[in-house]
Amino acid sequence: MPTSGRQDMPSDLLPDSPLSLPRAGTDFGAIDADEAWIAVIRKMDETYAELVRQQVELEAKNTALEEAQGFIAGLLGSMTDVLVACDLSGRVEQVNLAAERAFGQRADALLGRPLSDLLDASSETTAADVLATVARRQRIADREFTLATPDGPLAIAVNGALRFDPRGRAVGIVLVGRPIGELRAAYGALAKAHEHLKRTQQQLVHAEKMASLGRLVAGVAHELNNPISFVYGNAHAMKRYAERLIAYLDQVHAGADGAALAKARGELRIDRALSDIPATLSGMLEGAERVRDIVADLRRFSSDRREAQEVFDLAGVVRSAVDWVAKSQMPDLPITVAVPEGLEAVGHPGHIHQVMMNLVQNAVDAMEGRADRRLEITGERIQTADGRQVAVRVRDTGPGIPDALMDRIFDPFFTTKPVGKGTGLGLSICYRIAEEHEGRLEAGNHPEGGAILSLVLPAAP
């Protein structure tokens, strides 16, 4: 146990240990002064380094600011539209080079002037309108201003937006305007291009109509050729028969005896003529009736009555389209038509006849130059969620429709035919006609090869 109030210190702490007591005669003031100077110098170094860092950052920010100002100045200088920035009281704070050129004054002469000084008295939109719009915190959209320029009033179309400070407070408005003359010229050029496009489209549609008309005329001519040729041949036969009968009757009226008349009857083959006349007249009548039917079909199918739809037999329309197109262009083409009589649809028969002629024509074109050629047309009644409908399907044995083109087959002006063979409007027009009849036109490929197009129409009640 210790005998005094403190314990003895270990020998390793005496006298050089940091915990040891200072020796006698140590100068505390000198030590404190050195440490204070060292601390001051260290602090000065830190402060200097901080100042250098801040100087570098300041120079970088200043460089970025100069670049931003240069970019903005270049942007304002390259703008062809007039730009005027005003404060909330309507005084000009900034203009661009286009505004200087428009007003014929430098920017420093325009700054600080009220907006009303820059507007002509005839301006549709006034400075008061602008200030009212700013007060309502609204935008200016396509408003017509008239500027007071040295060359006289200049009409411009102006758009404006509020200008905000970094705190989000509205501090003014920026107005950007373009001379209406330029806009009118641009609109005029656009309208001219649109009219040219419409005329081109009309020409293409007209070309497609003329092509359809050409196919129609060729088909009708082919159909009329047979009965007219039959009537023509029988008429010549009747002319010969008439000449023989007239010669025989002349001898009868001349008072020839029985022997002479019998001889003349044999030489003129009067008995044969008399037996042939009923069949000849019947053939002429049949040919004339066929011509009458063709003309009636042509008149019915070419009519343009749009005010009322009618019930018509699809079988007759299909037969007519096949006769007028396929048989005239490819007489040796094997054709199978399985459309039942009485398959009635509702619509315009002339328009549907145009659709069927187009479908048959496309099928014939697809099989051109192929060894295996067959045209199959079927019709049936179907029941769908939309009600009763009738469908006519036209199948060819051509190459079919590539999958990559299936989605474009009904697009206007799209065609796979060579130049001069088609305008690309046939199927597009057919598709539109089907939609106008509240039906549809579908394209696909047959499992055994070739394309198949299906026309679906509302069925007659």
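Reading guide: rules and limits
- Residues numbered from 1 in each chain as written.
- Predicted model: local features only at pLDDT ≥ 70, side-chain atom pairs only at ≥ 80, totals over all residues.
- Heavy atoms only, no water.
- Buried < 20%, exposed > 50% of the residue type's maximum accessible area, 1.4 Å probe, protein only.
- Helix = DSSP H or I, 4+ residues; strand = E, 2+ residues; numbered from the N terminus.
- Arc of directions from axis to C-beta.
- Contact = heavy atoms within 4.5 Å.
- Pairing = 2+ DSSP bridges.
- Axes fitted to C-alpha atoms, helices over the stretch in contact; angles between N-to-C directions.
- pLDDT = per-residue confidence, 0-100.
- Patch = residues over 30% accessible without salt bridge, like charges linked within 9 Å, V, L, I, M, F, W, Y side chains within 5 Å.
- Areas by Shrake-Rupley, 256 points an atom, 1.4 Å probe, with all protein chains shown as cover.
- Salt bridge = Lys/Arg side-chain N within 4 Å of Asp/Glu carboxyl O.
- 1 Å grid on protein atoms, 1.4 Å probe; cavity = no way out; pocket = protein on both sides within 12 Å on 5 of 7 lines; lining within 4 Å.
- Points joined across faces, edges and corners; volume = space filled by probe spheres on them.
- Nonpolar A, V, L, I, M, F, W, Y, C, P; charged D, E, K, R; others polar.

Peer 1: How would you sum up helix H5 (residues 127-135)? Please name residues and give values.
Peer 2: Among the residues making up H5, those that are buried are Ala127, Val130, Thr133 and Val134. In an axial view of H5, the angular spread of the buried residues amounts to 120°, which keeps them on one side of the axis. Pointing more than 90 degrees away from the buried face of H5 are the exposed residues Ala128 and Ala135. Against helix H4 (115-118), strand S3 (140-149), strand S4 (152-164) and strand S5 (170-179) lie the buried residues of H5. With its phi angle positive at about 55°, Arg137 sits one or two positions after the end of H5.

Peer 1: Explain the sheet that holds strand S2 (residues 92-95) residue by residue, including any values.
Peer 2: Strand order across the open sheet formed by five strands is S2-S1-S5-S4-S3, with antiparallel pairing between neighbours. Every other strand in the sheet has two partners, leaving S2 and S3 as the edge strands with one partner each. In this sheet, neighbouring strand axes are inclined to one another by 30° on average, regardless of whether the strands run parallel or antiparallel. As judged from the nine bridges shared by S4 and S5, these two strands associate in the antiparallel manner. Residue Ala161 lies in a different strand from S5, and its bridge partner there is Val174.

Peer 1: Before we move on, can you summarise the environment of Asn362 with the specific residues and values?
Peer 2: Counting through the fold element by element, Asn362 comes out in helix H10 (residues 349-366). Considering only alpha carbons, one finds Asn362 and Leu427, 65 residues apart in sequence, at a separation of 8.9 Å.

Peer 1: Please set out the confidence of the model for the protein chain residue by residue, giving values where relevant.
Peer 2: Mean pLDDT for the protein chain: 79, with 80% of residues reaching 70 or above. Long-range and interchain partners of residues 1-24, a stretch whose pLDDT sits below 50, account for nine contacts in this model, where long-range means more than four residues apart.

Peer 1: Now, about a nonpolar patch on the surface: what can you tell me, with residues and values included?
Peer 2: Nonpolar side chains collect at one region of the surface, where Trp37, Val40, Ile41 and Met44 lie side by side and expose about 450 Å² of accessible area between them. Locating Ile41 in the fold gives a position in helix H1 (residues 28-78). Its relative accessible area of 45% is what places Ile41 among the partly exposed residues.

Peer 1: Explain empty space enclosed by the protein to me, using residue names and the numbers behind them.
Peer 2: Overall, the coordinates contain one cavity of 30 Å³ or more when judged by the stated rule. A volume near 90 Å³ is recorded for the largest cavity. If you go around the largest cavity, the residues you meet are Val82, Val84, Leu115, Leu118, Leu119, Phe145, Leu147, Ile156, Val158, Leu175, Val176 and Gly177. Contributions of two or more residues to the lining of the largest cavity are made by strand S1 (82-87), H4, S3, S4 and S5. Considering every element that reaches the lining of the largest cavity, the biggest residue donor is S5, with three residues. Its residues assigned to classes, the lining of the largest cavity shows 11 nonpolar, one polar and no charged.

Peer 1: Break down the side chain of Thr149 for me, with residues and values.
Peer 2: Along the chain, the position of Thr149 falls in strand S3. In this view, Thr149 contacts Ala102 and Leu154; residues no more than four positions away in its chain are not counted.

Peer 1: Please give an account of the pattern of salt bridges that cites residues and values.
Peer 2: A side chain of one charge can pair with a side chain of the opposite charge if their charged atoms are brought near each other. Under the criterion given, the structure shown has 16 salt bridges. Arg53 is paired through a salt bridge with Glu57; the nearest N and O atoms lie 2.6 Å apart. Taken together, the residues span about one helical turn, with Arg53 and Glu57 both in helix H1 at a distance of four residues. By relative accessible area, Arg53 is classed as partly exposed at 39%. What makes Glu57 partly exposed here is its relative accessible area of 36%. Note that Arg178 is salt-bridged to Asp81, the shortest N-O span being 2.9 Å. Placement of the pair is Arg178 in strand S5 and Asp81 in the loop between H1 and S1, with a sequence separation of 97 residues.

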